[in-house]
Amino acid sequence: QQIISKVDAVVNFAAETHVDRSINNSDDFLKTNVFGVRTLLDSVLNSDKQIRFLQVSTDEVYGSISEGSCDEECPLLPNSPYSASKAAADLLVRAYVRTHGIDAVITRCSNNYGPFQFPEKLIPLFVTNLIENKQIPIYGNGLNVRDWLHVDDHCDGIYLALTKGLNGQIYNIGGGTELTNKQITEEILRLLNKDESSILYVEDRKGHDLRYSINCEKISNELGYSAKVKLVDGLSQTIEWYSKNRAWWEPLKQK
């Protein structure tokens, strides 16, 4: 509470995010993603001044869709313990706005990538495995579709929502580049001069969502957001970063 009293805004990036781990054990996901959010909301509520709260959420709360794109009015249909915990947090934020009158906004982003991403995630896992001349595991047939968003663009969208977003509103933030997991893998292989012999197809994840897709017209039209980093450029820069920073990620992969 002493820390909260010194700030004008709280941006909650903190979350357990790896779907595989949420399937194996959801305890940490509920503690961090739900009860952790409640702790922050209560701190904002009990502050002696008005503090804006921004909840960083995910497109996974909308669930899997076969066609079209989800806007901010679409129902929440999470399919994994991870996405369910994030959906619960979103609803909790909404409840604190409606019941207690706090000032809060929610952002829902697509798949992030960029420097310093933990190597359990798809792009850093694949890149670091290939750097180590190891195979890369693709779930099922590799046809699951995700939209890829560079971390710099995500931060731009969060800043716009924080400074210009309206109280109680939700804003989707996407990169505008939907690819199957096989397509993003092929691009990584190309950039690292590897071939498909490096791919290892593994048993599909339980309840694996086939496709996420979000409509970002609201944040574009109302707040002026646009994704600026092209995937080929962002991916090249990301691969270069991991190639030059083995001392950062190698210890993380050994745990």
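Note that the structure is predicted; figures quoted are calculated from it, not measured.

Observations regarding the sheet that holds strand E7 (residues 170-173)
Here 4 strands make up an open sheet; going across it, the order is E1-E2-E3-E7 and the pairing parallel. Because the sheet does not close on itself, it has two edges, and the strands there are strand E1 (9-12) and E7. Recorded for the sheet is a direction-independent mean angle of 20° between the axes of neighbouring strands. Running over the sheet, helix H3 (residues 81-100) touches strand E2 (52-58) and strand E3 (103-109) and is turned about 155° from E2. Taken strand by strand, helix H5 (residues 151-164) contacts E1, E2, E3 and E7, and its axis lies near 145° from that of E2.

Observations regarding the sheet that holds strand E4 (residues 111-113)
Whether parallel or antiparallel, the strands of a sheet pair through hydrogen bonds between backbone atoms. Judged by pairing direction, the sheet is mixed, and its 3 strands sit side by side in the order E4-E6-E8 without closing on themselves. The outermost strands of the open sheet, each flanked by one partner alone, are E4 and strand E8 (178-180). For this sheet the average axis-to-axis angle between neighbouring strands, irrespective of direction, equals 50°. The pairing of E4 with strand E6 (residues 145-150) spans 3 bridges and is parallel. Paired with Asn 112 across the strands is Leu 149, a residue of E6.

Points about the side chain of Ser 80
On the secondary structure map, Ser 80 appears in the loop between E2 and H3. Note on Ser 80: relative accessible area 9%, which makes it buried. Not counting chain neighbours up to four residues away, the residues in contact with Ser 80 comprise Val 19, Ser 22 and Glu 60.

Structural notes on the pairing of E7
With burial as the criterion, each face of E7 is covered, one bearing Ile 170 and Asn 172 and the other bearing Tyr 171 and Ile 173. Relative to E7, E3 is paired through 4 bridges, and the arrangement is parallel. Across the sheet, the residue bridging to Ile 106 is Ile 170, located in E7.

Remarks on the nonpolar core
The biggest cluster of nonpolar side chains holds 21 residues, and the ones touching the most others in it are Ile 123, Val 127, Trp 148, Ile 184 and Ile 188. Looking at this core, the elements that each hand over two or more residues are helix H4 (122-131), strand E5 (136-139), helix H6 (181-191) and helix H8 (231-244). Dropping the residues within four chain positions of it, Val 127 is found in contact with Ile 188, Leu 192, Ile 239 and Tyr 242. If you look at the next biggest cluster of nonpolar residues, it comprises 20 residues, including Cys 109, Leu 149, Cys 216 and Leu 223.

A look at empty space enclosed by the protein
Remark: the empty space left among the atoms is shown by a probe the size of a water molecule rolled over them. The final tally for this structure, using the stated rule, is 1 cavity of 30 Å³ or more. Taken together, Tyr 113, Trp 148, Leu 149, His 150, Asp 153, Gly 175, Thr 177, Val 229, Lys 230 and Leu 231 form the lining of the largest cavity. Partitioning the lining of the largest cavity into residue classes produces 5 nonpolar, 3 polar and 2 charged.

Regarding the environment of Ser 57
With respect to the element layout, Ser 57 can be found in strand E2. Overall, Ser 57 belongs to the buried group, its relative accessible area being 2%. Each C-alpha atom, one on Ser 57 and one on Gly 114, is 18 Å from the other, the two residues being 57 residues apart in sequence. In contact with Ser 57, other than residues within four places in its own chain, are Lys 86, Asp 90, Ile 106, Thr 107, Arg 108 and Cys 109. Side-chain polar atoms of Ser 57 contact the side chain of Asp 90, separated by 2.9 Å.

Focus on the environment of Ala 88
Along the chain, Ala 88 turns up in helix H3. On the basis of relative accessibility, which here comes to 31%, the residue Ala 88 falls in the partly exposed class. Each C-alpha atom, one on Ala 88 and one on Asp 8, is 25 Å from the other, the two residues being 80 residues apart in sequence.

Quick notes on the side chain of Asp 153
Secondary-structure assignment places Asp 153 in helix H5. Comment: no salt bridge for buried Asp 153; closest opposite-charge side chain is Lys 228, at 5.5 Å. Those residues within four positions of Asp 153 in sequence are excluded, and the remaining contacts are Ile 173, Tyr 225, Ser 226, Ala 227, Lys 228 and Val 229.

Considerations on the packing of helix H2 (residues 27-45) against H3
Where H2 meets H3, the closest approach of the two axes is 8 Å, and the angle between their N-to-C directions is 15°. Taken together, the axis directions place H2 and H3 in an arrangement best described as roughly parallel. Between H2 and H3 lies a crossing of right-handed hand. Between H2, through Phe 29, Leu 30, Asn 33, Val 34, Val 37, Arg 38, Leu 41, Asp 42 and Leu 45, and H3, the contact on the second element is made entirely by Tyr 82, Ser 85, Lys 86, Ala 88, Ala 89, Leu 92, Val 93, Tyr 96 and His 100. Looking at the contact of H2 with H3, its residues break down into 12 nonpolar, 3 polar and 3 charged.

Rules used throughout
- Residues numbered from 1 in each chain as written.
- Predicted model: local features only at pLDDT ≥ 70, side-chain atom pairs only at ≥ 80, totals over all residues.
- Heavy atoms only, no water.
- Pairing = 2+ DSSP bridges.
- Helix = DSSP H or I, 4+ residues; strand = E, 2+ residues; numbered from the N terminus.
- Axes fitted to C-alpha atoms, helices over the stretch in contact; angles between N-to-C directions.
- Contact = heavy atoms within 4.5 Å.
- Buried < 20%, exposed > 50% of the residue type's maximum accessible area, 1.4 Å probe, protein only.
- Core = buried A, V, L, I, M, F, W, Y, C linked by side-chain atoms within 4.5 Å.
- 1 Å grid on protein atoms, 1.4 Å probe; cavity = no way out; pocket = protein on both sides within 12 Å on 5 of 7 lines; lining within 4 Å.
- Points joined across faces, edges and corners; volume = space filled by probe spheres on them.
- Nonpolar A, V, L, I, M, F, W, Y, C, P; charged D, E, K, R; others polar.
- Polar contact = N/O pair within 3.5 Å; in protein donor to acceptor, adjacent residues only side chain to side chain.
- Lys, Arg positive; Asp, Glu negative; His and termini not counted.
- Salt bridge = Lys/Arg side-chain N within 4 Å of Asp/Glu carboxyl O.
- Parallel < 35°, antiparallel > 145°, perpendicular 65-115°, else oblique.
- Left-handed = near helix turned anticlockwise from the far one by under 90°.

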